[in-house]
Amino acid sequence: MSKGLIVVHLAIATLVLLVASIQTCNGFVSGGGSYSILSPSSIDTTLSTKGTVLHDSSSSSPKDSKAGRSRRDALSGLFWTCFFSLGAPGVSTASDGMTEYKPSKRATAYFVDSTVPPTLVPYRKQREAAILKSLGNGYGTLKKTSLLDTTITLNNIMNKTISAAFDKLNTKNQGGPYDSSFVFLGIDFASNDDVQLAVNIMESIIQPRKRKLATNTAAGVSWAPRSTQTALDTFLRSEDSSTSSTNDLKAALLEAKVPLDIVSSQLPLLQWAKKQKLPLIALSPEISDLDTVRTKGLQDLDMGRRAQYVVDTQGFIDMVQNPKFQLYTDKSMMKDYTSNDDISPGDFFAERILYDEAVATAASNWALLTNSRNNNKNSLMIVLSAIEGVRFFGGANGRIRRVSSFLSPDSAPVEEEAITTILLNPTAQKTLSQSNYLRTVIGTTPESRPYQTKIADYLWFTSMPKVNMLPRMMNIR
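Position labels on residues start from 1 in each chain and follow its written sequence. At least 70 in pLDDT is required for a residue's local features to be given in this predicted model, at least 80 for side-chain atom pairs to be given and counted, and no such filter applies to totals for whole chains, interfaces and linings, which use all residues. Side-chain descriptors were evaluated using all non-hydrogen atoms of the structure, hydrogens and water having been removed beforehand.

A.B. asks: Describe in detail the packing of helix α9 (residues 229-237) against helix α10 (residues 244-255), supporting the description with residues and values.
C.D. replies: Contact geometry of α9 with α10 gives a least axis separation of 9 Å together with a crossing angle of 170°. In terms of their interaxial angle, α9 and α10 are classed as roughly antiparallel. Contacts between α9 and α10 pair A231, L232 and F235 from the former with S245, T246, L249 and A252 from the latter. Classification convention: Asp, Glu, Lys, Arg as charged; Ala, Val, Leu, Ile, Met, Phe, Trp, Tyr, Cys, Pro as nonpolar; all other residues, Gly among them, as polar. A class-by-class count of the residues in the contact of α9 with α10 yields 5 nonpolar, 2 polar and no charged. Angles shown run from 0 to 180 degrees and are taken between the N-to-C directions of axes, each axis being a line fitted to C-alpha atoms and, for helices, limited to the stretch in contact. Comment: elements are numbered from the N terminus, with helices defined as DSSP H or I runs of at least four residues and strands as E runs of at least two. When describing relative orientation, an angle under 35 degrees is termed roughly parallel and one over 145 degrees roughly antiparallel, while 65 to 115 degrees is termed roughly perpendicular and anything else oblique. Residue contacts are defined here by distance: any two heavy atoms, one from each residue, within 4.5 Å place the two residues in contact.

Put into structure tokens, the structure is as follows:
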């Protein structure tokens with residue numbers, strides 16, 4: 001039964017009840033009159049025909065039935081008689097035409113708007129495609145909130161006028177397309193669902209770049225050690241029907257100590273990149289070097305290897321002392337450390353920052369060389385990273401700007417808007433939430449408020465997420 005019909009039933013029953021109330025009051029005041037209102041037993045009979053019993057007539061004693069009813073009983077009987085004679089909305093019958101409950105559809109893509117605290121803005125399928133196409137064209141992602149009130153009143157006219165004047169003066173690289181742009185996809189490396197979703201997103205991103213795909217676009221593989229770059233290149237050059245090339249690549253990755261579950265899960269993505277002729281760039285440090293730092297410390301790593309991974313030594317040291325990075329370290333990075341590990345918290349920290357710095361350095365190097373070699377100012381790298389490595393912008397995605405400026409001080413710096421982070425199928429656990437809701441921000445105390453950081457730019461799901469996962473959600477766009 002529709003909501004409108006239920007409202008009509010209630011309105012009619014209430015109107016009858018109101019009229020009967022006036023008549024009943026007059027009858028009681030005059031001290032006489034008889035009432036032909038249905039008895040409780042007849043109400044039971046009426047309701048039982050609908051398949052529901054609301055009153056058990058056997059519970060009424062003969063004394064009560066002979067003594068008559070009070071005015072409240074009379075009005076109650078009249079109300080339910082009228083209501084159920086029209087058809088009770090909660091009673092299911094063969095002729096009521098009720099259909100099975102269907103949950104409402106929810107979006108699968110959400111923009112994390114930079115309000116305080118962050119707000120989730122859901123997007124329709126059409127908007128999803130437009131967003132990914134914009135990223136493919138190098139326009140990046142807006143970092144300022146889009147939900148601020150733009151209405152001018154007498155109270156805010158002066159502030160908005162001054163703000164608009166400063167925005168007008170600061171028009172450098174405003175809105176893109178940017179010389180170099182980066183899209184970080186935070187995934188679970190061993191998840192087949194995440195890999196398939198990553199392929200779908202990447203396919204939409206590279207769509208507007210098809211003509212120059214091999215010259216200015218690449219997929220950065222952050223789980224592949226740099227020593228596997230030759231194997232990746234050989235795999236891409238081999239024939240599409242060749243299975244031996246896939247086996248050779250798999251053997252090279254396993255020899256470089258990449259875990260088997262990651263290799264098996266990521267092979268469909270690598271094969272898709274091969275069909276698209278999309279270059280693959282190995283970004284990770286050698287697994288053996290990470291093991292050295294993890295067990296002995298950063299100081300025991302070979303100086304030559306360390307120089308390859310960390311080119312901006314002073315910036316690497318200064319970043320550790322940055323209050324915003326310290327907030328990220330306490331609220332995100334070190335949450336992944338467990339006391340069961342056979343390493344100290346310090347060595348765990350050293351391994352993570354070395355890995356992030358090495359990935360950022362390799363990605364920045366590729367963008368710089370691509371732009372200079374092809375005289376093309378529209379390079380794009382899509383970096384496949386672990387969710388824990390890019391959430392809250394503290395991993396390689398938070399180092400790109402500094403490293404790029406160090407590598408090419410005479411070039412225009414990489415804009416913050418040119419670096420986009422998308423988390424794929426995030427969960428409450430992966431976002432370090434203690435409830436069912438996703439955690440969308442760190443830095444909520446008065447002391448850390450100046451360094452408050454949102455979880456990512458976008459959250460993308462394979463299927464509709466549960467509604468109890470999504471905090472502070474706006475209407476769909």
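A.B. asks: Give me the lowdown on the nonpolar core, citing residues and values where you can.
C.D. replies: In this structure, F182, F184, L354, M381, I400 and L459 are the most contacted members of the largest nonpolar core, which totals 56 residues. Ranked by residues supplied to this core, first place goes to helix α16 (residues 345-374) with 12 residues. With near-sequence residues (within four places) excluded, F182 lies in contact with A363, A367, L380, M381, I400, V414, A418, I419 and T420. Counting 49 residues, the second largest nonpolar core, distinct from the first, contains L132, L197, L249 and L253. Throughout this description, the term nonpolar core refers to a set of buried Ala, Val, Leu, Ile, Met, Phe, Trp, Tyr and Cys residues connected via side-chain atoms within 4.5 Å. Between buried and exposed lies partly exposed: a residue is buried under 20% and exposed over 50% of the maximum accessible area for its type, with that area taken using a 1.4 Å probe on protein chains only.

A.B. asks: Before we move on, could you go through the environment of I400 and cite the residues and values that matter?
C.D. replies: Locating I400 in the fold gives a position in helix α18 (residues 400-407). On the basis of relative accessibility, which here comes to 0%, the residue I400 falls in the buried class. Along the sequence, I400 and V359 sit 41 residues apart, while their C-alpha atoms lie 9.0 Å from each other. Setting aside anything within four residues of it in sequence, one finds I400 in contact with F182, F184, A360, A363, S364, V414 and I419.

A.B. asks: With reference to specific residues and values, describe the packing of helix α12 (residues 287-296) against α16.
C.D. replies: Packing of α12 against α16 leaves a shortest axis separation of 7 Å and a crossing angle of 150°. Here α16 runs roughly antiparallel to α12, going by the angle between their axes. Crossing hand, α12 versus α16: right-handed. Only D347, F348, A350, E351, L354 and Y355 of α16 make contact with α12, whose side of the interface consists of L290, V293, R294, T295 and K296. What makes a crossing left-handed is the near helix being turned counterclockwise from the far one by less than a right angle; a clockwise turn instead makes it right-handed.

A.B. asks: Give a description of the pairing of strand β4 (residues 217-225) that names residues and reports values.
C.D. replies: Among the 9 residues of β4, 9 are classified as buried, and the element is accordingly described as predominantly covered. One bridge is not enough; two strands pair if DSSP finds at least two bridges between them. In this sheet, strand β5 (residues 280-284) lies alongside β4 in parallel orientation, the contact comprising 4 bridges. When the sheet's bridge partners are listed, G220 is paired in β5 with I281.

A.B. asks: Report on unusual backbone geometry, specifying residues and quantitative values.
C.D. replies: A cis amide bond links V116 with the next residue in sequence, P117, at an omega value of -5°. Following the sequence through the fold, P117 ends up in the loop between β1 (109-113) and β2 (119-123). One non-glycine residue with positive phi stands out, namely F392, at about 60°. Assignment of secondary structure puts F392 in the loop between α17 (387-390) and α18.

A.B. asks: Explain the packing of aromatic side chains residue by residue, including any values.
C.D. replies: In summary, the pairing rule links any two rings of Phe, Tyr or Trp, Trp by its six-membered ring, whose centres are within 6.5 Å, and it sorts them by plane angle into stacked for under 30 degrees, edge-to-face for over 60 and tilted for everything else. If you walk through the whole model with that rule in mind, you get 6 aromatic pairs. For the pair Y110 and F461, a centre-to-centre distance of 6.0 Å together with 85° between the ring planes defines the contact as edge-to-face. One end of the pair, Y110, is in strand β1; the other, F461, is in the segment after β10 (458-460), and 351 residues separate them in sequence. Chaining the aromatic ring pairs together yields one cluster made of F111, Y458 and W460. The rule for a charge over a ring is simple: NZ of Lys or CZ of Arg within 6 Å of the ring centre, and within 35 degrees of the ring normal. For K274, the ring lying beneath its charged end belongs to F235, and the centroid distance is 4.7 Å.

A.B. asks: Help me get a handle on the side chain of N371, residues and values and all.
C.D. replies: As for its placement among the helices and strands, N371 is situated in helix α16. Among the polar contacts made by the side chain of N371, one reaches the side chain of S180 at a distance of 2.7 Å. Polar contacts, as counted here, are pairs of nitrogen or oxygen atoms within 3.5 Å of one another; within protein the pair requires one atom able to donate a hydrogen and one able to accept it, and residues that are adjacent in sequence qualify only if both atoms are side-chain atoms.

A.B. asks: Break down the sheet that holds β2 for me, with residues and values.
C.D. replies: Strand-to-strand pairing in sheets goes through backbone hydrogen bonds, with the strands running parallel or antiparallel. What the 8 strands build is an open sheet, ordered β2-β1-β10-β7-β3-β6-β4-β5; its pairing is mixed. Because the sheet does not close on itself, it has two edges, and the strands there are β2 and β5. The sheet shows a mean angle of 25° between the axes of neighbouring strands, taken without regard to direction. In the sheet, strand β3 (residues 180-187) pairs with strand β7 (residues 419-424) via 5 bridges, with the strands oriented parallel. Paired with L185 across the two strands is I422, which belongs to β7. Lying on the sheet, α16 is in contact with β3, β4, β5 and β6 (379-386); it crosses β6 at an angle near 165°.

A.B. asks: Give me the side chain of D457: which residues, what numbers.
C.D. replies: Note on placement: D457 falls in the loop between β9 (453-454) and β10. Every residue in contact with D457, bar those within four places of it in the chain, is listed here: Y110, F111, V112, T141, K143, F393, I419, T420 and T421.

A.B. asks: Can you lay out the environment of W366 for me, pointing to particular residues and giving the numbers?
C.D. replies: If you trace the backbone, W366 turns up in helix α16. The exposure class assigned to W366 is buried, which follows from its relative accessible area of 13%. Spatially, the C-alpha atoms of W366 and N216 are 9.7 Å apart, while their sequence positions differ by 150 residues. The contact partners of W366, leaving out residues within four places of it in the chain, are N216, T217, A218, I281, S379, L380 and M381.

A.B. asks: Could you give me a rundown of the pattern of salt bridges, with the residues and numbers involved?
C.D. replies: The rule for a salt bridge is simple: a side-chain nitrogen of Lys or Arg has to be within 4 Å of a carboxyl oxygen of Asp or Glu. This model, assessed by the stated rule, comprises 10 salt bridges. For R402, the salt bridge identified is with E357, shortest N-O distance 2.7 Å. Pair noted here: R402 is in helix α18 and E357 is in helix α16, with a separation of 45 residues, a long-range link. Salt bridges linked by common partners bring D312, E357, R399 and R402 together as one network.

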